[in-house]
Amino acid sequence: MAAVKRITKELAEFSNNPVPGVSAGLASEDNVFKWNVILTGPQGSPYSGGVFTLNLILPTEYPFKPPTLNFTTKIYHPNVSNDDKGSMCLGVLRSDSWKPSCKIVQVLEMAAGLLKEPNVDDAVETSIADEYKNNPESFEKTAREWTRKYAK
Amino acid sequence: MSPSRSSRNSLQSVDLRALDYLTSPSANLLCPICHAPLITPVQTRCLHTFCSACISLSLERSSTCPVDRKPLNHDDVTPAPIMIANLVNDLVVLCPNREKGCTTSCARWLVESHIREDCEYATVKCAKEGCDGMVERREAEGECVHEEVECAFCEGAVRKLDVELHYKECPKLSSDCRHCSKSFPNPELAAHKLICPDEIIDCAASHFGCSFSSRRSELDEHLSHCHFVALTPILQLHTERIETLELENKAIRQKLDLLVPPRPLPTQLSGATSSAANDSSSGRDMTSEMQDYTYHLYSEYEQLRSDVERLNAQIRELDVKQDMARFNEGLRYNDEMTGVRAAINGLRMQLHWLVASRREAGTGGAGAGGARSVAGSSASGDGRRMSVDSVRQVVKL
């Protein structure tokens, strides 16, 4: 299984060179296709002090198909769907822009980057994106409140 | 090394992908798809290098370069320069039997021959005549471990190799339960495992999504208030129903296949690559298959409709022709009928005249009248003969 070999390798690489603010590991030892990811809210953002857990699911066709990333912690963010799925909208995760040469660590870096700076042009929750653009104080207030409520 | 030994080659295959490298190789020698050092490197038209197997897999799913997404197909892939192949083949790898204890490391291109001929830990055929077992090469010269010996406890026959394993299940011995660490005789262990109160088991509705698991003794409490368990009957019912529907659907599909032989459609002909890509994504495949079917059925329907229209027109044309023919025939018969009727009328007139003249002749006196009547009667006699003939003809007709 080429996929398993590559994923194991990527996990080993990630453990040796972790991305700041991100920790990741297998959800269960016998399945490399499901990762648990923990993002810590970056300093200076409304998510600061929050701990967000995510599920990273790799398809069996990996790396030919993109992984999916879902927030299990509720988060007030323009790029994360505000439902029980919590799917994260990352440009690179769309199947038409995914390339087999992309790595999981790049995906995780981008996810961490989105917490620092949401991408309103690629928003999944348009109302939150509008609020972020037009009324940043109110956005920050709600985001901070949700972080305190759900991500502690 | 004795000659008999060197001739005994190992059949163990080497998976080059699974090899571990002595030093981590340069990132330039890694395949962008499998992230491992290139194996049988090939180069694309856009000058990217991949393992031959990786790029084939990728092209089956998408006809683009996995690095820059430029259009790419199998013809654009050529073997990479020999230098690249040499660079990756010269990388030093650790023996695949490292975990068994082999400390050899060698260039990658030599590893196959190392396993085949030298590695002490590679599996080879047992040295004993007539034995089909496999052993590691270093043990091949020793006594055959595939011979059967007697178990010291149960007196059953066990292969030497399996003695350790056998002790775990020998009916005369006891083993500890993995969960509650109590000791049970081996035959009873299986039965105990089913009821061991300390075993961690999943909720009864785990296959419906309940992620709860606990020791068996504590599970009852969870079961009493688990929502999934409460829903199990209805979920079970739904699963069964879906299964029967799926079966039914399959049967109907097969029937449809029989009735309408599937015709290759342009979308399916666009190349083996795209059809293989279809296989990979069953969801899209289903819809496209359905679309193909709909399209196919629709064209069939259109064809049938035009057929029916053509037949209708033909029938109408035939009707008109038949009507014409019948009409013509009728006219002819009418003419004939009038002719016949006129003839009959003529005959009747003659008959009347004859009857009248006969009566006249019978009652009339003599003289000129009588002579006239004789002449008349002789003339009428001819006429009568004629009329009798024609009546006979009519009767014949």
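The structure contained in this document is the topic of the report that follows. Keep in mind that what you see is a predicted model, and the values were worked out from it rather than measured.

1. Overview of the overall build of chain B
Here comes step 1: Of the regular secondary structure elements, chain B holds 12 helices and 13 strands.
Here comes step 2: Per-residue burial over chain B gives 25% buried out of 397 residues.
Here comes step 3: A fraction of 35% describes how many contacts in chain B between residues 6 or more apart in sequence connect residues 24 or more apart.

2. Notes on the overall build of chain A
Here comes step 1: Regarding its fold elements, chain A presents 4 helices and 4 strands.
Here comes step 2: Start at the N end of chain A and walk to the C end: the helices and strands fall as α-β-β-β-β-α-α-α.
Here comes step 3: Out of the 152 residues in chain A, the part that is buried amounts to 45%.
Here comes step 4: Taking contacts inside chain A between residues at least 6 apart in sequence as the whole, the part at least 24 apart equals 53%.
Here comes step 5: Looking at chain A as shown, the accessible area adds up to about 7600 Å², and 49% of this sits on carbon and sulfur atoms.

3. Considering the pairing of strand β1 (residues 22-28) of chain A
Each regular strand displays side chains that alternate between the two surfaces of the sheet.
Residues and elements named next belong to chain A.
Here comes step 1: Taken together, the 6 bridges between β1 and strand β2 (residues 31-40) define a ladder with antiparallel strand orientation. Considered in β2, the bridge of Ser23 is made with Ile38.
Here comes step 2: Hairpin connection, β1 to β2: the antiparallel pair is bridged by 2 residues.

4. As for the packing of aromatic side chains
Here comes step 1: If you walk through the whole model with that rule in mind, you get 8 aromatic pairs over all chains.
Here comes step 2: Ring geometry for Tyr47 of chain A and Phe52 of chain A: centres 5.9 Å apart, planes at 85°, overall edge-to-face. The exposure classification of Tyr47 of chain A matches that of Phe52 of chain A, with both residues buried.
Here comes step 3: Taking the centre distance of 6.4 Å and the plane angle of 40° together, the rings of Tyr298 of chain B and Tyr301 of chain B count as tilted. With a gap of 3 residues between them, Tyr298 of chain B and Tyr301 of chain B both fall in helix α11 (residues 282-363), about one helical turn apart.
Here comes step 4: Site record: aromatic cluster; members linked through ring pairs are Tyr76, Tyr132, Phe139, Trp146 and Tyr150 of chain A.
Here comes step 5: A cation over a ring is seen here: Lys74 of chain A above Tyr150 of chain A, with NZ or CZ 5.9 Å from the ring centre.
Here comes step 6: The side chain of Arg332 of chain B reaches across the aromatic face of Tyr333 of chain B, ending 5.4 Å from its centre.

5. What about the sheet that holds strand β4 (residues 68-71) of chain A?
Residues and elements named next belong to chain A.
Here comes step 1: Strand order in this open sheet of 4 strands is β1-β2-β3-β4, and the pairing throughout is antiparallel. Every other strand in the sheet has two partners, leaving β1 and β4 as the edge strands with one partner each. Adjacent strand axes in the sheet meet at a mean angle of 30°, parallel and antiparallel pairs treated alike.
Here comes step 2: In the sheet, strand β3 (residues 51-57) pairs with β4 via 4 bridges, with the strands oriented antiparallel. Bridge pairing links Leu54 to Phe71 in β4.
Here comes step 3: Along the sheet, helix α2 (residues 104-116) contacts β1, β2, β3 and β4; its crossing angle with β2, the most-contacted strand, is approximately 25°.

6. Overview of the interface of chain B and chain A
Here comes step 1: Between chain B and chain A, the contact holds 18 residues from the first and 14 residues from the second.
Here comes step 2: Around 1400 Å² of area is buried between chain B and chain A when both sides are counted, 59% of it from carbon and sulfur atoms.
Here comes step 3: Remark: the boundary between chain B and chain A carries 0 salt bridges.
Here comes step 4: Counting across the interface, chain B meets chain A through 6 residue pairs in polar contact (both at pLDDT 80 or more).
Here comes step 5: For the side of chain B that touches chain A, the element with the most residues is helix α2 (residues 52-61) of chain B, which contributes 4 residues.

7. What about the pairing of β3 of chain A?
Residue and element names in this part refer to chain A.
Here comes step 1: Of the two faces of β3, only one is covered, namely that formed by Phe52, Leu54 and Leu56; the face formed by Val51, Thr53, Asn55 and Ile57 stays uncovered.
Here comes step 2: Across 7 bridges, the pairing between β2 and β3 is antiparallel. When the bridges of β3 are listed, Val37 appears paired with Leu54.

8. Examining the pattern of salt bridges
All names here are of chain B.
Here comes step 1: If you walk through the whole model with that rule in mind, you get 18 salt bridges over all chains.
Here comes step 2: Note that Arg98 and Asp20 form a salt bridge whose closest N and O atoms lie 2.6 Å from each other. In this pair, Arg98 is assigned in the loop between β4 (92-94) and β5 (105-107) and Asp20 in the loop between α1 (3-6) and β1 (41-43), connecting sequence segments 78 residues apart.
Here comes step 3: Exposure remark for Asp20: the relative accessible area of 35% places this residue in the partly exposed category.
Here comes step 4: Residues Glu302 and Arg305 are paired through a salt bridge, measuring 3.9 Å at the closest nitrogen-oxygen approach. Of the two residues, Glu302 and Arg305 both sit in helix α11, 3 residues apart, roughly one turn of that helix.
Here comes step 5: Owing to a relative accessible area of 29%, Glu302 belongs among the partly exposed residues under this scheme.
Here comes step 6: Residue Arg305 is classed as partly exposed on the basis of its relative accessible area of 42%.

9. A look at the packing of helix α3 (residues 126-134) of chain A against helix α4 (residues 136-150) of chain A
Residues and elements named next belong to chain A.
Here comes step 1: In the contact formed by α3 and α4, the axes pass within 5 Å of each other and the chain directions differ by 125°. Taken together, the axes of α3 and α4 lie oblique to each other. Side by side, α3 and α4 meet where Ile128, Glu131, Tyr132, Lys133 and Asn134 of the first sit next to Pro136, Ser138, Phe139 and Thr142 of the second.
Here comes step 2: The residue inventory of the contact of α3 with α4, partitioned by class, reads 4 nonpolar, 3 polar and 2 charged.

10. Overview of the nonpolar core
Here comes step 1: In terms of nonpolar packing, the biggest core is built from 40 residues, with Val22, Leu39, Phe52, Leu69, Phe71, Met88 and Leu90 of chain A touching the most fellow members.
Here comes step 2: Looking at this core, the elements that each hand over two or more residues are α1 (2-16), β2, β3, β4, α2 and α4 of chain A.
Here comes step 3: With 33 residues, the next largest nonpolar core counts Tyr21, Ala80, Val88 and Ala122 of chain B among its residues.

11. With respect to the sheet that holds strand β2 (residues 49-51) of chain B
Residues and elements named next belong to chain B.
Here comes step 1: What the 3 strands build is an open sheet, ordered β2-β1-β3; its pairing is antiparallel. The open sheet has two edge strands with one neighbour each: β2 and β3 (78-79).
Here comes step 2: Against the sheet, α2 contacts β1 and β2, and its axis sits at roughly 95° relative to β2.

12. Remarks on helix α3 (residues 82-89) of chain B
Residue and element names in this part refer to chain B.
Here comes step 1: Among the residues making up α3, those that are buried are Ile84, Ala85 and Val88. In a view along the axis of α3, the buried residues occupy a sector of 100°, so they form one face of it. Away from its buried face, by an angle of more than 90 degrees, α3 presents the exposed residues Ile82 and Met83.
Here comes step 2: In this structure, the buried side of α3 is in contact with β1 and β2.

Definitions and cut-offs
Residues numbered from 1 in each chain as written. Chains lettered and ligands numbered in written order. Predicted model: local features only at pLDDT ≥ 70, side-chain atom pairs only at ≥ 80, totals over all residues. Heavy atoms only, no water. Helix = DSSP H or I, 4+ residues; strand = E, 2+ residues; numbered from the N terminus. Buried < 20%, exposed > 50% of the residue type's maximum accessible area, 1.4 Å probe, protein only. Contact = heavy atoms within 4.5 Å. Areas by Shrake-Rupley, 256 points an atom, 1.4 Å probe, with all protein chains shown as cover. Pairing = 2+ DSSP bridges. Phe/Tyr/Trp six-rings, centres within 6.5 Å; stacked < 30°, edge-to-face > 60°. Lys NZ or Arg CZ within 6 Å of the ring centre and 35° of its normal. Axes fitted to C-alpha atoms, helices over the stretch in contact; angles between N-to-C directions. Buried area = accessible area lost by both parts, 1.4 Å probe. Salt bridge = Lys/Arg side-chain N within 4 Å of Asp/Glu carboxyl O. Polar contact = N/O pair within 3.5 Å; in protein donor to acceptor, adjacent residues only side chain to side chain. Parallel < 35°, antiparallel > 145°, perpendicular 65-115°, else oblique. Nonpolar A, V, L, I, M, F, W, Y, C, P; charged D, E, K, R; others polar. Core = buried A, V, L, I, M, F, W, Y, C linked by side-chain atoms within 4.5 Å. Arc of directions from axis to C-beta.

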